[in-house]
Amino acid sequence: MTVEVERKFVCDAEIMGKLQDIGAECIGQRQFRDQYFDSPDFILTLKDFWLRCREGLWELKCPAVSGTTPDNDTETLCTRYREITSLPLIQSEVSKIIREHTAEGSESNSSQREQIDKVAENEDTEICTADDTKWLNDLNLVCFAEFKTERCSYTLERVAGAVRVDLDQADFGYCVGEIEVLVPEGGDMNAALQRITGIAVELGLSCEKKVKGKMDVYLQRYRPEHYAKLLSAHIL
Ligand code: V4E
């Protein structure tokens with residue numbers, strides 16, 4: 001499993017020139033459609049878990065436990081999420097979260113709990129294809145956000161290792177850049193944070209405040225009530 005460490009930045013008209021100047025190599029451009037899922041009462045995202053299907057590939061981003069004490073700017077500007085990409089592992093993790101939540105509130109009946117347990121134990125795994133939606137129905141998960149992104153990706157080779165930069169343009173009219181390093185779980189988080197800060201300095205980015213991601217802007221615009229709840233819960 002890997003931890004994605006990421007810093008978002010505002011894309012200006014000069015960004016492509018700046019990337020070229022610091023030796024970034026363009027490694028491709030692609031378009032993809034993302035669908036994000038949660039329960040109707042947003043059990044997952046209010047705990048900072050983000051379940052996504054991108055072109056048939058599932059991913060669960062989970063909050064990573066901070067084991068470092070980086071300086072305040074780096075801590076504020078970067079996000080860290082553990083990424084799970086195996087569907088059976090995602091199903092177990094998601095059903096565990098939902099089971100714990102429903103147990104806390106005693107909101108479910110025994111047949112709902114049985115359905116959740118079945119997904120947790122991957123009893124239906126053999127019929128789970130990328131298109132299968134049964135497990136989503138069993139866990140009562142619905143799509144709450146859907147958008148397309150046009151992405152231009154770059155890589156920067158540095159002594160400490162490669163860093164990736166993505167320039168994203170979402171179909172609802174928002175552009176954002178991301179400097180990203182993937183760290184194997186238990187790997188050197190401080191080194192990753194320093195590499196990201198180094199590239200931000202090379203790109204001449206000002207480090208005043210955290211830049212909004214595509215999801216922040218999407219929810220603010222199309223799901224304002226949920227956005228307000230996430231802000232109150234200090235998730236966004
Ligand atoms: C909202 C959110 C998440 C879902 C979106 O993740 P993100 O990395 O922004 O999307 P994308 O398309 O770049 O995914 P990738 O291709 O890198 O896999 S995951 C975590 N959050 C919460 C969050 C936050 N708290 N703060 C910021 C600045 N961004 C996201």
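Residues numbered from 1 in each chain as written. Predicted model: local features only at pLDDT ≥ 70, side-chain atom pairs only at ≥ 80, totals over all residues. Heavy atoms only, no water.

S.K.: Outline the site of the ligand, supporting the account with residue identities and numerical values.
M.R.: Neighbouring the ligand are 20 residues; Glu4, Lys61, Glu178, Lys214 and Ile235 lie closest to it. With respect to the ligand, the side chain of arginine 54 contributes an N or O atom lying 2.8 Å from an oxygen atom. Between the ligand and glutamate 180 there is a distance of 3.5 Å, counted from an oxygen atom to a side-chain nitrogen or oxygen. Protein chains bury 95% of the 650 Å² of accessible surface belonging to the ligand in isolation. The set of elements that each furnish at least two residues to the shell around the ligand consists of β1 (2-9), β3 (50-54), β4 (57-63), β5 (78-84), β8 (174-184) and α7 (214-222). (Near = heavy atom within 4 Å. Polar contact = N/O pair within 3.5 Å; in protein donor to acceptor, adjacent residues only side chain to side chain. Areas by Shrake-Rupley, 256 points an atom, 1.4 Å probe, with all protein chains shown as cover. Helix = DSSP H or I, 4+ residues; strand = E, 2+ residues; numbered from the N terminus.)

S.K.: Report on the pairing of strand β7 (residues 161-170), specifying residues and quantitative values.
M.R.: With seven of 10 residues buried, β7 lies mostly within the body of the structure. Judged from the 10 bridges that link them, strand β6 (residues 142-158) and β7 form a sheet pairing that is antiparallel. Directly across from glutamate 157, in β7, lies its bridge partner alanine 162. Hairpin connection from β7 to β8: three residues lie between these consecutive antiparallel strands, with glycine 173 at a positive phi of about 90°. (Buried < 20%, exposed > 50% of the residue type's maximum accessible area, 1.4 Å probe, protein only. Pairing = 2+ DSSP bridges.)

S.K.: Can you lay out the pairing of β8 for me, pointing to particular residues and giving the numbers?
M.R.: Most of β8 sits out of view: eight of its 11 residues are buried. As defined by bridge partners, β1 adjoins β8 across eight bridges and the pair is classed as antiparallel. The residue of β8 that forms the bridge with phenylalanine 9 is glycine 177. Across seven bridges, the pairing between β7 and β8 is antiparallel. By the bridge assignment, valine 165 is partnered in β8 with isoleucine 179.

S.K.: An account of the pattern of salt bridges is requested, with residue identities and associated values reported.
M.R.: For the structure shown, the criterion picks out 17 salt bridges. For the salt bridge of aspartate 34 with arginine 54, the shortest nitrogen-to-oxygen distance reads 2.6 Å. Taken as a pair, aspartate 34 in strand β2 (residues 25-38) and arginine 54 in strand β3 lie far apart in primary sequence, 20 residues in all. There is no split in this pair, since aspartate 34 and arginine 54 are both buried. One salt bridge connects glutamate 202 with arginine 158, and the closest N-O pair in it is separated by 2.7 Å. One end of the pair, glutamate 202, is in helix α6 (residues 189-202); the other, arginine 158, is in strand β6, and 44 residues separate them in sequence. Take glutamate 202: its relative accessible area is 39%, and that puts it in the partly exposed class. Using a relative accessible area of 27% as the deciding quantity, one classes arginine 158 as partly exposed. Ionic contacts of the salt-bridge type, sharing partners, join the residues Glu6, Lys8, Arg151, Arg164, Asp166, Asp168, Glu178 and Lys214 into one network. (Salt bridge = Lys/Arg side-chain N within 4 Å of Asp/Glu carboxyl O.)

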